[in-house]
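Remarks on the overall topology
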Amino acid sequence: MSFNNSIDVPKGNFNQTNNFGQPSVEPSWLVVIRLAVEAVIALAGVIGNFAVCFAISRHRILSTVPTNTYIRNAAIGDLATLLVSFPFGTVREQFTYWPLCEFTCRYIFPMGDIFFGVSIWSITAIAVERHRILSARFPQLAFRSMAKPRIVCAVIWIFSFLGISLPLLLVYEYYHLPNGKTMCVPMWPHEGLPYIYGIALSLLSYVIPLSLILMSYCAIKRQLRKSESFHMEIAETSFTRGIRTSQVSLVKTRTRRVSKIMTPVVAVFAITVLPLSIFRVIPNDYHYNNQKYSFIFFRVSIFFYLFNTACNPFIYSLVSGRFRRSFKEIFS
C-alpha cells in the first residue's frame with residue numbers, strides 16, 4: 001500500500017536500507033498535529049465505510065442492487081486500508097526499527113497494497129458494468145443476478161494479490177541488527193526493480209483503471225444521448241412496445257442514478273491519488289538529491305490518499321437518498 005510499503009519513502013529517521021541518505025527532520029509539534037489529523041480522518045473513514053458495508057448487507061433495497069456489491073467491495077478495501085495499512089505504515093514511519101514480530105513484517109505489512117487495488121478496481125467494475133448493460137442489444141434487467149458481481153469481486157481480490165502484493169511478499173525481509181534491533185525492509189534483487197515496480201503499480205492502480213472508467217463514462221454519455229426510438233428499434237425482436245419502453249426507461253434511470261453517485265467518487269479519486277502516483281514514478285536519484293522536498297511531497301501524497309479512503313461514504317450520503325436513509329437508520 002502507499003504507507004511505506006512499495007516505495008522507499010523519505011521519513012523523519014532513516015535506516016541503512018533507505019536510499020535517501022541523511023534524515024529530513026520533521027518538528028515534533030508538526031508530527032503530533034499531523035498524526036492527530038490523520039487519526040481523525042481515519043476514524044471517520046472507518047465509521048463511514050463500516051456503515052456502507054452494513055447498510056448494503058442489511059437493507060434489502062440496497063442489497064438487491066448488483067452495483068452495490070461493487071460499492072461494498074470498494075468500502076471493504078478502504079476499511080482494510082484504514083484498519084491495517086495505515087496503522088502499520090505509521091509504526092514503520094515513527095520507528096527507526098521494526099518493533100513488531102516477524103510474521104507481521106513478512107506477511108501482513110506487504111499485503112497492504114492489495115486493498116488499494118481492490119478499492120479502485122471495484123469502482124472500475126461499476127463503470128464497465130453500467131456501460132455493458134446500457135450497450136446491450138436489449139436490457140435484461142429482470143434476469144440480473146447477484147452471482148456475477150460476487151465472482152467479479154473475487155477476481156478483483158485475486159488480481160490485486162497477484163499483481164500488486166505478491167511481489168512485495170517475495171522481497172520483504174526481517175532480520176536482526178548487531179544492536180539487537182530488528183528491521184523490516186524490501187530486499188530487491190536488483191536496484192532498478194523498485195522503480196519498475198513503482199511504475200507498474202501506478203499503471204495498475206491509477207492510470208489503467210482511471211482510463212477504463214473515463215472511456216466507459218464517455219461511452220455511457222453517448223448512449224444516453226441516443227434517441228428513444230433507436231433503443232426501441234434494436235429491441236424490436238424481443239419485447240412488446242410497452243415492455244420495451246419500460247425497460248429502456250428503467251435502464252436509463254438506473255444508469256443516471258449510478259453516474260450521479262460514481263462521478264464525484266471518481267473525480268475525488270483522480271485528484272487525491274494523483275500525487276501518490278506521481279511520487280511512485282519519480283526516480284530515487286531525485287529523492288536522494290531533494291530529500292526535504294521529497295519528504296514534503298510524500299506526506300502530502302499520503303494525506304490526500306488517506307482522505308480518499310475516508311470520503312466515499314460521505315459522498316454516498318450526499319448524493320444518494322437511499323444511502324442517506326440507511327445511514328440514518330443505522331446511527332439512530
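Parameters at a glance
Counting of residues starts from 1 at the beginning of each chain's written sequence and follows it residue by residue. Whole-chain, interface and lining totals are the exception, using all residues; otherwise, since this is a predicted model, local features are given only for residues with pLDDT of at least 70 and side-chain atom pairs are given and counted only at 80 or more. Side-chain figures throughout are based on the complete set of non-hydrogen atoms in the structure, without hydrogens or water. Here the term patch refers to residues with relative accessible area over 30% and no salt bridge, with like charges joined within 9 Å and nonpolar side chains (Val, Leu, Ile, Met, Phe, Trp, Tyr) within 5 Å. Reported accessibility uses the Shrake-Rupley method at a 1.4 Å probe radius. Residues are deemed covered only where the shown protein chains occlude them. For salt bridges, the criterion is a side-chain nitrogen of Lys or Arg within 4 Å of an Asp or Glu carboxyl oxygen. Strands are runs of DSSP state E lasting at least 2 residues, helices are runs of H or I lasting at least 4, and numbering of each runs from the N terminus. Contacts between residues were defined by any pair of non-hydrogen atoms, one from each residue, lying within 4.5 Å. A 1.4 Å probe rolled over the protein chains alone gives each residue an accessible area, and that area as a share of the maximum for its type sets the label: buried under 20%, exposed over 50%, partly exposed in between. Among buried residues, the Ala, Val, Leu, Ile, Met, Phe, Trp, Tyr and Cys ones that are joined through side-chain atoms within 4.5 Å form a nonpolar core.

Turning next to a nonpolar patch on the surface. On the surface, a nonpolar cluster with roughly 690 Å² of combined accessible area is contributed by Trp 29, Leu 30, Ile 33, Val 37, Ile 296, Val 300, Phe 303 and Phe 304. For the nonpolar patch, the secondary-structure elements that each account for two or more residues are α1 (28-58) and α11 (291-319). Take Ile 296: it is sitting in helix α11.

Glancing now at the environment of Pro 167. Summarising the element assignment, Pro 167 is placed in helix α6 (residues 147-171). Taking the C-alpha atoms as reference, Pro 167 lies 8.8 Å from Pro 110; in sequence the two are 57 residues apart. Contacts of Pro 167, omitting those with residues within four sequence positions, involve Leu 162 and Tyr 197.

Let's shift gears to the pattern of salt bridges. Tallied over the full model, the rule gives 6 salt bridges. Glu 173 is paired through a salt bridge with Arg 106; the nearest N and O atoms lie 3.4 Å apart. One end of the pair, Glu 173, is in strand β1 (residues 172-176); the other, Arg 106, is in helix α4 (residues 102-108), with 67 residues separating them in the sequence. Owing to a relative accessible area of 29%, Glu 173 belongs among the partly exposed residues under this scheme. In this structure Arg 106 comes out as partly exposed when scored by relative accessible area, which is 22%.

This next bit is on the nonpolar core. Membership of the largest hydrophobic core comes to 46 residues, with the highest contact counts inside it found for Val 52, Ile 71, Met 262, Tyr 316 and Phe 323. If we ignore the near neighbours within four places in the chain, the residues touching Val 52 are Ile 71, Ala 75, Pro 313, Tyr 316, Phe 323 and Phe 327. Counting 13 residues, the second largest nonpolar core, distinct from the first, contains Phe 109, Ile 164, Tyr 174 and Cys 184.

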